[in-house]
Amino acid sequence: MNELTRRDFTRGLGVATALSYSRILGANDRLRLGYIGLGNRGDQVHDAFLEHPDAQTVAVCDLRDDYMDLAIKKSRGTPKKYKEYKKLLEDKDVDAAVICTPDHWHALMFIEACNAGKDVYVEKPLSLTVMEGRKMVETAQRTKRVTQVGIHRRSAKFCQEAAEIVRSGAIGQVTVAKGFHVQNEWPKGIGNPPDEKPPNEWEWEHWLGPAPKKPYNRNRTYYNFRWFHDYSGGQLTNFGVHYMDMLRWCLGQDAPKAVVAMGGKYAVQDNREIPDTMEVLWEFDGPTLVIFTQYNASAAPPNLNDAEMELRGTKGTMYLFGNRWEVVPEKNAEKLFGYRTPLDRGIEKSYGPSRKQAMEPKSGKGSANTAFHARNFLDGVKSRGKCNCDILTGHLSTSATILGNIALKTRSFLEWDTKNEKFTNNAAANKYLSYQYRAPYKLP
Ligand SMILES: NC(=O)c1ccc[n+]([C@@H]2O[C@H](COP(=O)([O-])OP(=O)(O)OC[C@H]3O[C@@H](n4cnc5c(N)ncnc54)[C@H](O)[C@@H]3O)[C@@H](O)[C@H]2O)c1
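About the cut-offs
Residues numbered from 1 in each chain as written. Predicted model: local features only at pLDDT ≥ 70, side-chain atom pairs only at ≥ 80, totals over all residues. Heavy atoms only, no water. Helix = DSSP H or I, 4+ residues; strand = E, 2+ residues; numbered from the N terminus. Rg over C-alpha atoms; globule rule 2.2 N^0.38 Å. Buried < 20%, exposed > 50% of the residue type's maximum accessible area, 1.4 Å probe, protein only. Contact = heavy atoms within 4.5 Å. Areas by Shrake-Rupley, 256 points an atom, 1.4 Å probe, with all protein chains shown as cover. Lys, Arg positive; Asp, Glu negative; His and termini not counted. Charge placed at Lys NZ, Arg CZ, Asp CG, Glu CD. Axes fitted to C-alpha atoms, helices over the stretch in contact; angles between N-to-C directions. Left-handed = near helix turned anticlockwise from the far one by under 90°. Near = heavy atom within 4 Å. Polar contact = N/O pair within 3.5 Å; in protein donor to acceptor, adjacent residues only side chain to side chain. Domains from an automatic or database assignment. Buried area = accessible area lost by both parts, 1.4 Å probe. Salt bridge = Lys/Arg side-chain N within 4 Å of Asp/Glu carboxyl O. Phe/Tyr/Trp six-rings, centres within 6.5 Å; stacked < 30°, edge-to-face > 60°. Lys NZ or Arg CZ within 6 Å of the ring centre and 35° of its normal. Core = buried A, V, L, I, M, F, W, Y, C linked by side-chain atoms within 4.5 Å. Expected span 1.5 Å × (residues − 1). pLDDT = per-residue confidence, 0-100. Pairing = 2+ DSSP bridges.

J.: So what about the overall build of the protein chain? Which residues, and what values?
T.: Broken down by element type, the protein chain carries 15 helices and 16 strands. Since a compact globule built from 444 residues should have a radius of gyration of about 22 Å, the 24 Å found for the protein chain is in line with a globular shape. Counting over 444 residues, the protein chain shows a buried share of 55%. Contacts in the protein chain between residues at least 24 apart in sequence constitute 69% of all its contacts with a sequence separation of at least 6. Carbon and sulfur atoms make up 53% of the accessible area of the protein chain, which totals about 20100 Å². Separation between the mean location of the 63 positive side-chain charges and that of the 53 negative ones in the protein chain comes to 1 Å.

J.: Can you tell me about the packing of helix α3 (residues 40–50) against helix α13 (residues 370–383), naming the residues and giving the values?
T.: Interhelical geometry of α3 versus α13 gives an angle of 65° and a closest axis separation of 8 Å. Along this stretch, α3 crosses α13, giving a crossing that reads as right-handed. Here α3 contributes Arg41, Ala48 and Phe49 to the contact with α13, which in turn contributes Thr370, Ala371, Ala374, Phe377 and Leu378.

J.: Provide a residue-level description of the site of the ligand, including the pertinent values.
T.: In the region of the ligand, 28 residues are neighbours, and Asn40, Arg41, Asp62, Asp103 and Arg226 sit closest. Here an oxygen atom of the ligand and a side-chain polar atom of Asn40 are 2.7 Å apart. Trp105 places a polar side-chain atom, nitrogen or oxygen, 3.4 Å from a nitrogen atom of the ligand. In the complex, 95% of the free accessible area of the ligand, which totals 850 Å², lies under the protein chains. Listing elements by their share of the shell around the ligand, those giving two or more residues are α3, α6 (103–115) and α9 (201–208).

J.: Before we move on, can you summarise the domain arrangement of the protein chain with the specific residues and values?
T.: By the assigned domains, the protein chain splits into domain 1 (3–154 + 374–391) and domain 2 (156–368 + 394–433). If you average the C-alpha positions of domain 1 and of domain 2, the two centres end up 29 Å apart. With 32 residues of domain 1 in contact, the opposing surface of domain 2 contributes 41 residues. Summing both sides of the interface, domain 1 and domain 2 together bury roughly 3100 Å²; the carbon and sulfur share of this comes to 59%. Ranking the residues of domain 1 by area buried against domain 2 places Val130, Arg153 and Arg154 at the top, with a combined share of 28%. At the surface where domain 1 touches domain 2, the tally comes to 3 salt bridges. Taken together, domain 1 and domain 2 are joined by 19 residue pairs in polar contact (both at pLDDT 80 or more).

J.: Which residues make up the packing of aromatic side chains, and what values go with them?
T.: Any aromatic ring pair is given by two values, namely how distant the centres are and how the planes are angled relative to each other. By the definition in use, this model includes 13 aromatic pairs. Grouped by ring-pair contacts, the aromatic residues Tyr35, Phe49, Tyr121 and Phe377 constitute a single cluster. Geometry around Tyr222 places Arg64 over its ring, the cationic atom sitting 5.0 Å from the centre. For Arg226, the ring lying beneath its charged end belongs to Tyr223, and the centroid distance is 3.8 Å.

J.: Which residues make up the nonpolar core, and what values go with them?
T.: Counting 47 residues, the largest nonpolar core has Met246, Trp282, Leu311 and Met318 as the members making the most contacts within it. Of the residues forming this core, the biggest block, 7 residues, is contributed by helix α11 (residues 240–251). The residues touching Leu311, leaving out its near neighbours within four places in the chain, are Val166, Ile171, Val174, Val176, Ala177, Leu247, Cys250, Leu251, Gly316, Thr317, Met318 and Leu320.

J.: Tell me what's going on with helix α7 (residues 130–143), and back it up with residues and numbers.
T.: The end-to-end C-alpha separation of α7 is 20 Å, in line with the 20 Å expected for 14 residues at 1.5 Å each. Residues of α7 that are buried: Val130, Glu132, Gly133, Met136, Val137, Thr139, Ala140 and Thr143. Directly after α7, the chain includes Lys144, whose backbone phi takes a positive value near 55°.

J.: Tell me about the side chain of His152, and name the residues and values.
T.: As for its placement among the helices and strands, His152 is situated in the loop between β6 (147–149) and α8 (157–167). Classification of His152 as buried rests on a relative accessible area of 14%.

J.: Quick one: what's the story with the pattern of salt bridges, residue by residue and with numbers?
T.: Applying the stated rule across the entire model yields 34 salt bridges. Close ionic contact of Arg64 with Asp66 constitutes a salt bridge, the shortest N to O distance being 2.7 Å. Residue class for Arg64 comes out partly exposed when judged on its relative accessible area of 24%. With a relative accessible area of 42%, Asp66 lands in the partly exposed category. Through salt bridges with shared partners, one network takes in Arg32, Lys80, Asp91, Asp93 and Asp95.

J.: Residues and numbers for the side chain of Asn296, please.
T.: One can find Asn296 in the loop between β10 (288–295) and β11 (309–313). Reaching out from Asn296, the side chain makes a polar contact with the side chain of Gln294 at a distance of 2.8 Å. With near-sequence residues (within four places) excluded, Asn296 lies in contact with His181, Gln183, Asn184, Glu185, Trp186, Gln235, Val268, Arg272, Pro275 and Asp276.

J.: Quick one: what's the story with the confidence of the model for the protein chain, residue by residue and with numbers?
T.: On average, residues of the protein chain score 92 in pLDDT, and 91% of them are at 70 or above. Here residues 1–21 is a poorly scored stretch, pLDDT under 50, and it has 25 contacts once near neighbours within four places are set aside; other chains count.

J.: Summarise the sheet that holds strand β4 (residues 96–99); cite the residues concerned and give the values.
T.: Whether parallel or antiparallel, the strands of a sheet pair through hydrogen bonds between backbone atoms. Judged by pairing direction, the sheet is parallel, and its 6 strands sit side by side in the order β3-β2-β1-β4-β5-β6 without closing on themselves. The sheet terminates laterally at β3 (80–82) and β6, the two strands that pair on one side only. Neighbouring strand axes in the sheet, compared pairwise and without regard to direction, differ in orientation by 20° on average. Where strand β1 (residues 31–36) meets strand β2 (residues 55–61), 6 bridges bridge the pair, whose relative direction is parallel. Paired with Leu31 across the strands is Ala55, a residue of β2.

Structure, rendered in structure tokens:
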């Protein structure tokens, strides 16, 4: 079917009007991509798309010419170069936008991309606030865009296997699930450079965007923005969102019922704002206690197995690593606990060990290469189907982590109403669900 006939065909079926202003692609067509943000992650995501011959780089946008030039060099063809993302979004040759800018830019760029009729791949964490995430979901749904959030484990086969095993009940009821980010950054962390005059006023202004105006400090910009609250939720949303997403997926749960957190900047001597030490606890239906452990000022490893995540069920534990999973059966399963007389001990001895292994050990391995996630987005755009980590999935995982930061900020135990996305027991905490953009920026 050629492009015109395909469009008429789709219109005839009454498919959303938003589709009528974007190209309808067939399985063999190339998707024309425009990249916004080509730093550390943007470069990796660009490489991941370039692994697929049906992904064509037609436009690039960054504040830095050198990053754009590198991306152009890697591309097949000669992409257009934009310093203003709005111009890239106006470009009718761009079918889909790939957004890899710092977190505080995601919402604006994503919403504008959807409104311009582009499908969108956007990096994690989805947003800086819960309100931004909610508006991103609403916009994507209203404009009927195909979306993929960069929580790339969702497209990794070994993660899909692990999630299925846990959801099948093989390790029993999961009562505790944990994610660990342990990296000792003591004593100097990211250093302590002084505030100074921005080397380039235009670049600093466009870096800040909707964030509050602050004196320029080199740590607030490239890569290190993660350690500052104006641009990021810190390691809880940076690493934590990958873990929260995987754990939610395994548990089959949307959102927590309650959250509490403790921590602070205990030992690292740099100009970071985020904690170097923190524990966040969420209670999910299940019931399951979910825990995020961030130790950036103490010795590794995080746990005996050195896993990134663990799910402890009544019958066994699922350990998740960067490229494998392992199920270790519980030796104590079905043993009776409680009061023992000396006579009981004698009986146990004569009958042998009462410990019974509930299941066989199991393991699997694979790769969480971002190219799988990119492939899934390309296929989603062509089929107009749902991607593995669509906007709602990304929003639920991101907002659960944001709640942890609000609990830490307010030093409180917070109860969460998932449907209305509000805390029910603390009005002050609800104020942190959004923030005032710096003029002239406005969240639509
Ligand atoms: N999925 C993953 O595993 C993963 C890994 C690393 C980073 N990330 C995410 O990717 C995002 C970017 O992180 P990074 O490490 O690449 O940071 P970075 O600082 O290396 O890159 C950000 C880029 O965005 C550009 N930029 C900033 N404002 C812009 C604007 N207004 N218009 C155009 N370009 C602009 C900067 O010039 C820079 O090149 C973050 O949200 C981060 O959480 C995801």
